[in-house]
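Summary of structural features
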Amino acid sequence: VKRIKTLSVARPILYGNTAKKMGDVKPPNAPVEHSHMWTIFVKGPNGEDLSDIIKSVTFKLHETYPTPTRVVEAPPFELTETGWGEFEINVKIHFSDVAGEKPISFYHHLRLHKYHNSSAANGVKSEGDLESTQVEATYYDEVVFNEPNEDFFKILMSK
Ligand code: SLL
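What this report covers is the structure whose coordinates are included nearby. (Residues numbered from 1 in each chain as written. Predicted model: local features only at pLDDT ≥ 70, side-chain atom pairs only at ≥ 80, totals over all residues. Heavy atoms only, no water.)

Here's the deal with the overall build of the protein
Looking only at helices and strands, the protein features 2 helices and 8 strands. Counting over 159 residues, the protein shows a buried share of 38%. Within the protein, counting contacts between residues at least 6 apart in sequence, those at least 24 apart form 64% of the total. (Helix = DSSP H or I, 4+ residues; strand = E, 2+ residues; numbered from the N terminus. Buried < 20%, exposed > 50% of the residue type's maximum accessible area, 1.4 Å probe, protein only. Contact = heavy atoms within 4.5 Å.)

Pasting the structure below:
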């Protein structure tokens, strides 16, 4: 039996965060209890900015932050902040108007610390050494567009 397959196009994305423990140099406006500087981002697998398909990205931070809802309306779709704790960030991607697609929303666990797993550590490292290096938690995923309209299809195919 022949089946009719509808068209769907998948676009790879990379999202996640980088973080680094701050030394003596802190942004002048950072509260004293803030220990880390971090960046959360949404981009293409090779660092492309994805502005051909993304209009804006909303990052909803922990309510301990002033104005926790942060809207990034131009590439790079990323946000840099300082803080002291890990939490779940709600990431909402709004696609370009031409797409006529509903936004997608997911959570990313902001990672500031390395896991101190002794079996994974190679050799003895002090906590200070571990924390002085950059921490990264990035995930590769794909967004699937089902039956994109003609104009959006052209945009999807032009990459
Ligand atoms: C925890 N569940 O207790 C987490 C919450 C909240 C982190 C972490 C900045 C706050 C501010 C900040 O790092 N909040 O700017 O006042 O570990």
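So, the sheet that holds strand β6 (residues 88-95)
Spatial ordering of the open sheet is given by β4-β3-β6-β7, a layout of 4 strands whose pairing is antiparallel. A strand with exactly one partner marks an edge of an open sheet, and here the two such strands are β4 (69-72) and β7 (104-109). In this sheet, adjacent strand axes meet at a mean angle of 20° when their direction is disregarded. Taken together, the 6 bridges between strand β3 (residues 54-60) and β6 define a ladder with antiparallel strand orientation. The residue bridging Ser56 from the neighbouring strand is His94, located in β6. (Pairing = 2+ DSSP bridges. Axes fitted to C-alpha atoms, helices over the stretch in contact; angles between N-to-C directions.)

A short note on the pairing of strand β1 (residues 8-21)
Strand direction decides the pairing type here: β1 and strand β8 (residues 135-146), joined by 12 bridges, are antiparallel. Residue Ile13 lies in a different strand from β8, and its bridge partner there is Asp141.

What about the environment of Val98?
Looking at where Val98 falls in the secondary structure, it is placed in the loop between β6 and β7. For Val98 and Glu73, which are 25 residues apart along the polypeptide, the C-alpha to C-alpha distance reads 16 Å. When near neighbours in sequence (up to four residues on either side) are disregarded, Val98 contacts Asn149, Asp151, Phe152 and Ile155.

As for unusual backbone geometry
Between Pro75 and Pro76 the backbone carries a cis peptide bond, its omega angle lying at 0°. Positive phi values are uncommon outside glycine, yet Leu50 reaches one of about 60°. With respect to the helices and strands, Leu50 occurs in the loop between β2 (36-43) and β3. Positive phi outside glycine occurs at Thr67, with the angle close to 40°. Assignment of secondary structure puts Thr67 in the loop between β3 and β4. Accessibility expressed as a relative area gives 60% for Thr67, which makes it exposed.

Describing the site of the ligand
Close to the ligand lie His34, His62, Thr64, Tyr65, Gly83, Trp84, Gly85, Glu86 and Phe87, which account for all nearby residues. The separation between an oxygen atom of the ligand and a polar side-chain atom of His34 is 2.9 Å. Separating an oxygen atom of the ligand from a backbone N or O atom of Gly85 is a distance of 3.2 Å. Looking at the shell around the ligand, its residues break down into 3 nonpolar, 5 polar and 1 charged. (Near = heavy atom within 4 Å. Polar contact = N/O pair within 3.5 Å; in protein donor to acceptor, adjacent residues only side chain to side chain. Nonpolar A, V, L, I, M, F, W, Y, C, P; charged D, E, K, R; others polar.)

Focus: the nonpolar core
Of all hydrophobic cores here, the largest spans 31 residues; its most connected members are Trp38, Val42, Ile54, Phe59, Ile89, Val91 and Ile93. Residue assignment for this core shows that the elements contributing at least two residues are β1, β2, β3, β6, β8 and α2 (150-157). (Core = buried A, V, L, I, M, F, W, Y, C linked by side-chain atoms within 4.5 Å.)

Looking at the packing of aromatic side chains
Overall, the coordinates contain 7 aromatic pairs when judged by the stated rule. Judged by centre distance (6.1 Å) and plane angle (75°), the ring pair of Trp38 and Phe87 falls under edge-to-face. Here Trp38 is found in strand β2, whereas its partner Phe87 is found in the loop between β5 (78-83) and β6, with 49 residues between them in sequence. Both residues of the pair, Trp38 and Phe87, count as buried. Ring geometry for Tyr65 and Phe87: centres 5.7 Å apart, planes at 50°, overall tilted. Of this pair, Tyr65 sits in the loop between β3 and β4 while Phe87 is found in the loop between β5 and β6, placing the two residues 22 residues apart along the sequence. For the pair Tyr65 and Phe87, one class covers both residues: buried. Connected via pairs of aromatic rings, a cluster forms that spans Tyr15, Phe106 and Tyr139. Sitting over the face of the ring of Phe41, Lys43 holds its NZ or CZ atom 4.4 Å from the ring centroid. (Phe/Tyr/Trp six-rings, centres within 6.5 Å; stacked < 30°, edge-to-face > 60°. Lys NZ or Arg CZ within 6 Å of the ring centre and 35° of its normal.)

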